[in-house]
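Descriptive analysis of the structure
What follows is each chain in one-letter form.
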Amino acid sequence: MDFRDLPDGRLRATAQQRDHAAAILREAVVDGRLNVEELNARLPTALNAFTREYLYRILDDLVPAAELPAVVAEQVPLGDGPGMRWENPLLIRSGWSGHAQEGA
């Protein structure tokens, strides 16, 4: 596949897009489509991708070609738990004696 033909390949990847690509890789291991060695080889690329083209390359054989641009561009909704919104922060205090989570 020529990745230059895919839309927005030169656009910078967001943290959400990188995390989504990493989740797809992990699901592929669970499904048996990738082995752990392949996951370990691709995961750093997913988490450090500068542009969408990097994500296209590591997901090329896991996502149908017609769906690849939509999967990479997809904005995965964030959860509602602590730390996901300013109104509901996740506070972790740490010191010499250990750490404690504060809040919900």
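Residues numbered from 1 in each chain as written. Predicted model: local features only at pLDDT ≥ 70, side-chain atom pairs only at ≥ 80, totals over all residues. Heavy atoms only, no water.

**Considering the packing of helix 1 (residues 15–31) against helix 2 (residues 36–47)**
This is how it is decided: Inter-axis angles, ranging from 0 to 180 degrees, are taken between N-to-C directions of lines fitted to C-alpha atoms, where helices are fitted over the stretch in contact. Every helix listed is a DSSP run of H or I at least four residues long, and every strand listed is a run of E at least two residues long, numbered separately from the N terminus. Oblique is the label for every angle not falling under 35 degrees (roughly parallel), over 145 degrees (roughly antiparallel), or within 65 to 115 degrees (roughly perpendicular). Contact between two residues is taken to exist if any of their heavy atoms lie within 4.5 Å; hydrogens are not considered. For this classification, the nonpolar set comprises Ala, Val, Leu, Ile, Met, Phe, Trp, Tyr, Cys and Pro, the charged set comprises Asp, Glu, Lys and Arg, and every other residue, Gly included, is treated as polar.
Two numbers describe how helix 1 lies on helix 2: the axes approach to 9 Å, and their chain directions differ by 175 degrees. What the angle tells us is that helix 1 and helix 2 run roughly antiparallel. Here helix 1 contributes Arg18, Asp19, Ala21, Ala22, Leu25, Arg26 and Val29 to the contact with helix 2, which in turn contributes Val36, Leu39, Arg42, Leu43, Ala46 and Leu47. For the contact of helix 1 with helix 2, the residue count by class is nine nonpolar, no polar and four charged.

**Remarks on the confidence of the model for the protein chain**
Test applied: What pLDDT expresses is the predictor's confidence in each residue, scored from 0 to 100.
In this model, the protein chain carries a mean pLDDT of 82, and residues with pLDDT of at least 70 account for 83%. When mean pLDDT is compared element by element in the protein chain, helix 2 scores highest at 94, while strand 2 (residues 98–102) scores lowest at 69.

**Structural notes on the pattern of salt bridges**
Worth spelling out the cut-off: When a carboxyl oxygen of Asp or Glu lies within 4 Å of a side-chain nitrogen of Lys or Arg, that pair is called a salt bridge. Burial classification: accessible surface area is computed with a 1.4 Å probe over protein chains only, and a residue below 20% of its type maximum counts as buried, one above 50% as exposed, and the rest as partly exposed.
Counted by the stated rule, this structure contains three salt bridges. One salt bridge in this structure joins Asp31 and Arg33, with 3.2 Å as the shortest N-O distance. Residue Asp31 is classed as exposed on the basis of its relative accessible area, which comes to 53%. Classification of Arg33 by relative accessible area gives partly exposed; the value is 41%.

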